[in-house]
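# Coordinate inspection notes
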Amino acid sequence: MAARLTSYGDDIVRDDDRGTSAGSVAKAVEAEADANEASFLRVLREEKTWLRTMVDQVSDYMFVKDTNCRFIMANRAMASDLGFESAEDLIGRTDLELYPFPIAMTFYRDAKQVMRTDKPIIDQEEFVVLPNGSKRWLASSKFPLRASTGELIGVFGISRDITERKKADRLRDGQAQVLEMISSSAPLSEVLDCLVRLIEDQLDGLLGSILLLDEDGVHLRHGAAPSLNPEYTRLVDGIEIGPSIGSCGTAAYRREQVIVSDIFTDPLWADFHALAELGGVRACWSTPIKSLAGKVLGTFAIYSRVPKAPDPAELRLINDTARIAAIAIERKQAEEQIRFLAHHDPLTGLPNRSQLAKCLDRAVRQASPQTPRIAVVFLDIDHFKAVNDSFGHAAGDQLLVIAAERMKAHLRSSDVVLRLGGDEFVLLLTGEAAEPAALQSLLVRLRAAIAEPVEVLGQAFHVTCSMGIAIYPQNGEDADTLLVHADAAMYGAKQAGRNTFEIYSPLRADESAPNLVLLEEIRAGLARREFVLQYQPQIDLLTGEICGVEALVRWQHPERGLLAPDLFIPVAEEGGLINALGKQVLKMACRQAQAWKLQGLPPVTMSVNVSARQFAQRGWAEQVKGILNRTGLDPHALELELTESMLMRNVEQAIATMNDLCSIGVRFAIDDFGTGYSSLSALRSFPVSRLKIDQAFVRDVAEDSSGRGIAEAIVSLGHKLHLRVIAEGVETPEQLAFLREAGCDEAQGFLIARPMSPSDLATRLGTAFVFQGP
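This one's a predicted model, so the numbers in the text were calculated from it and none came from an experiment.

The rules behind these values
- Residues numbered from 1 in each chain as written.
- Predicted model: local features only at pLDDT ≥ 70, side-chain atom pairs only at ≥ 80, totals over all residues.
- Heavy atoms only, no water.
- Helix = DSSP H or I, 4+ residues; strand = E, 2+ residues; numbered from the N terminus.
- Buried < 20%, exposed > 50% of the residue type's maximum accessible area, 1.4 Å probe, protein only.
- Contact = heavy atoms within 4.5 Å.
- Areas by Shrake-Rupley, 256 points an atom, 1.4 Å probe, with all protein chains shown as cover.
- Pairing = 2+ DSSP bridges.
- Patch = residues over 30% accessible without salt bridge, like charges linked within 9 Å, V, L, I, M, F, W, Y side chains within 5 Å.
- Salt bridge = Lys/Arg side-chain N within 4 Å of Asp/Glu carboxyl O.
- Lys, Arg positive; Asp, Glu negative; His and termini not counted.
- Charge placed at Lys NZ, Arg CZ, Asp CG, Glu CD.
- Axes fitted to C-alpha atoms, helices over the stretch in contact; angles between N-to-C directions.
- Parallel < 35°, antiparallel > 145°, perpendicular 65-115°, else oblique.
- Left-handed = near helix turned anticlockwise from the far one by under 90°.
- Nonpolar A, V, L, I, M, F, W, Y, C, P; charged D, E, K, R; others polar.
- Phe/Tyr/Trp six-rings, centres within 6.5 Å; stacked < 30°, edge-to-face > 60°.
- Lys NZ or Arg CZ within 6 Å of the ring centre and 35° of its normal.

### Observations regarding the overall build of the protein chain
Scanning the protein chain from terminus to terminus reveals 26 helices and 29 strands. Burial status across the protein chain gives 45% buried among its 774 residues. Long-range pairs, those at least 24 residues apart, make up 59% of the contacts in the protein chain between residues at least 6 apart in sequence. Total accessible area on the protein chain stands at roughly 38,800 Å², and carbon and sulfur atoms take up 53% of it.

This is how it looks when you write it as structure tokens:
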């Protein structure tokens, strides 16, 4: 029968044998207790082992410190990072024995604070330097530790390695800082230095360098290397790229990444071992910095003091950095290009008008008391427009480049050539070169050089130049005055037959002064919007209804009142302002036509005159399209009036320009027909919709039989070409009656209506002209 034990307080008896002696019972109890204790201790040891195993499996630091801040427990991860083989080696030590003093004292104060306040510290970021020199960031939580009795016995802590997260944060913040520096136009050297330091912070123990490819495309120049040996950096600066020029020279030459993991065994560095020893480097990984277009801008290199190859994460970081460096370099190059273009002519590379005052001021400051004269020479290429019209703008541009080179070749380095625009140049001559005899000799040589044969697009031809000279300080003491006087003298040379030069004379200038003053007034009038349009109705000779209007420009002069176009158009043409004026007129006319349409008035064709210079202007067709788009006017409502002579200057170009605008609906009319020299075959090639009989033929149709014959011939010719014919300058009933009888389609003139304001014309739209007998 199995024995069973029953407990009654402190007495234990056997159920089946109550007579057994008490001593035997006591021994049995003692044996049982020993067995239980042994089992408990075994379990306790196993639990401790399991706990240690679990704690050691945790990658975070785990530790317990006593009230004296000595370690009484730590896990394997912490011990290993601190250089100990076993966690037991940490027991009894303090932070002062493990970390530099400032870090150790921070840990000591934190532990004491937790014990003093009985409040934990949660996720506090801490920076540590481990015995092997590596740097870590930890997120640490520390808790007060108490016994079951409530007695404070120490601090329990957990620390998580957040180094990679901190690096990622610093990388993101650093890249943002670099991009902000780029956007704020910080000096390129500062941007590149900041970028290299940022990457060095990410790659412990590695050194960065950026080299920039020189303008010659052959040499590498120092960009940034904040941590490399300065002497090494100095020797590398200016190194020539090539197929076996270390890592950077080869990477720039090959246009691809070059990884050298051991400098002293790689043939690319065979000639540079001494240089590597000076720099204290053993590995170099170089990546070409490329623009968006694929052009090599420089190299980004990472150096290691020990033989080493990059891991994938390092390669990604290097490639990202090279792209940011490319952005910085391209941005700086773009800024320099913009700055250059703001002050230089993009075609010839010469300083432009904006630099004239600065160059003159510098010349004045550098002038010596013995030779204070400065000559300002205004040079204009004769008949340059004929070159453009005959050979095209590309040929004209090439001619200007050649002329600029010839000017520079005949001047000293201290003299200056500027291009004002078009075919106009200014020369600033100082010192002896500005003295009368030397100046005359130089200008004679320069005139001969410009007149030498020029071969452009396989065609050789000669051009000449006209020059005007103003002398500082006799003819003015500021750039504007000297330029105006030199310009006036140049026009004098033009009037004298061209291919010559004149020195400014106040007496000669008085003759052209009114035009110069008027030209400046026109310029100011354009800026102040003083030019206005009047509109002359054009009627259908069958119905008498208004079918179109011609926009006629007037100048509302602030002092002289309303001026007719013949008082300012020729000056604007000669002074180069006709393009600006024509653009303003076209914009006003299109805007007015659209306004009438929005008022619900009957539709009419808006006719606008176009000057020869406007029509030949590069990009003029696009300008017309832009005005139509901005004003909202239907292109079919716009008619542009051109003269015969204008069209015949360059027939192919004229046809191309007209077809471009006709494709969107714009119509063309030939103005003053019969006064030019167009052939019938050429006329058939032009996409025109109307012929306009010149008023010279209309004036005498009632009395002059030859005039009647010409007018009838023009009407007949127009109809055979399927064109509508309009007569201008109709002033008498007899003229109107003849035109109707001759079959002319449309007419305009004082008999029908004088030019009027937009509001007056609006009241006439929708009404018909009443024909009366002569």
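Following the structure, the description resumes.
### A few points about the pairing of strand S26 (residues 667–673)
Taken across its seven residues, S26 has five buried, putting it largely inside the fold. Pairing of strand S25 (residues 638–643) with S26 involves five bridges; the strand directions are parallel. Residue pairing across strands places glutamate 641 opposite alanine 669, the latter belonging to S26. Relative to strand S27 (residues 690–693), S26 runs parallel, the two sharing three bridges. Residue alanine 669 lies in a different strand from S27, and its bridge partner there is arginine 690.

### A look at a negative patch on the surface
Among the surface-exposed residues, Glu215, Asp216, Glu240 and Glu336 lie close enough to one another that they form a single negatively charged patch. One can find glutamate 215 in the loop between strand S8 (207–213) and strand S9 (219–224).

### Here we look at the packing of helix H19 (residues 620–631) against helix H21 (residues 651–662)
In the contact formed by H19 and H21, the axes pass within 10 Å of each other and the chain directions differ by 20°. As the angle between them shows, H19 and H21 are arranged roughly parallel. Between H19 and H21 the crossing geometry is right-handed. Across the interface between the two elements, Trp620, Ala621, Glu622, Val624 and Lys625 of H19 pack against Thr657, Asp660 and Leu661 of H21. Among the residues making up the contact of H19 with H21, the classes are represented as four nonpolar, one polar and three charged.

### So, the packing of aromatic side chains
What describes a pair of aromatic rings is the distance from one ring centre to the other and the angle between the planes of the rings. Applying the stated criterion across every chain yields a total of eleven aromatic pairs. Arranged with centres 6.0 Å apart and planes meeting at 75°, the rings of phenylalanine 63 and phenylalanine 71 form a pair that is edge-to-face. Here the two residues phenylalanine 63 and phenylalanine 71 agree in accessibility, since each one is buried. Plain terms: the ring middles of tyrosine 99 and phenylalanine 107 are 5.2 Å apart, the flat faces sit at 85° to each other, and that makes the pair edge-to-face. With relative accessibility at 6%, the residue tyrosine 99 sits in the buried group. An aromatic cluster of three or more residues is present, and its members are Phe531, Trp555 and Phe568. The ring of tryptophan 137 carries the charged tip of lysine 166 above its face, separated from the ring centre by 4.5 Å. Across from the ring centre of phenylalanine 750, 4.0 Å away, lies the NZ or CZ of arginine 754, which sits over that ring.

### Some thoughts on the pairing of S25
With five of six residues buried, S25 lies mostly within the body of the structure. Inspection of the sheet shows strand S24 (residues 605–609) paired to S25 by four bridges, in the parallel sense. Each bridged residue has a counterpart across the sheet, and for asparagine 609 the counterpart in S25 is glutamate 641.

### Some remarks on helix H11 (residues 384–391)
Among the residues of H11, those classed as buried are Phe384, Val387, Asn388 and Asp389. The inward-facing, buried residues of H11 abut strand S14 (374–381), helix H12 (393–409), strand S18 (459–461) and helix H18 (612–616). Just beyond H11, the residue with positive phi is glycine 392, at close to 100°.

### Digging into the pattern of salt bridges
Considering all chains together, one arrives at 39 salt bridges under this definition. Aspartate 214 is the partner of arginine 221 in a salt bridge, and the nearest nitrogen-oxygen pair spans 3.2 Å. Overall, the relative accessible area of 26% leaves aspartate 214 in the partly exposed class. With a closest N to O distance of 3.5 Å, glutamate 520 and arginine 523 form a salt bridge. One end of the pair is glutamate 520 and the other is arginine 523, both in helix H15 (residues 506–527) and three residues apart, which spans about a single turn. We classify glutamate 520 as partly exposed; its relative accessible area is 45%.

Limitation: the analysis is restricted to geometry and does not speak to function.
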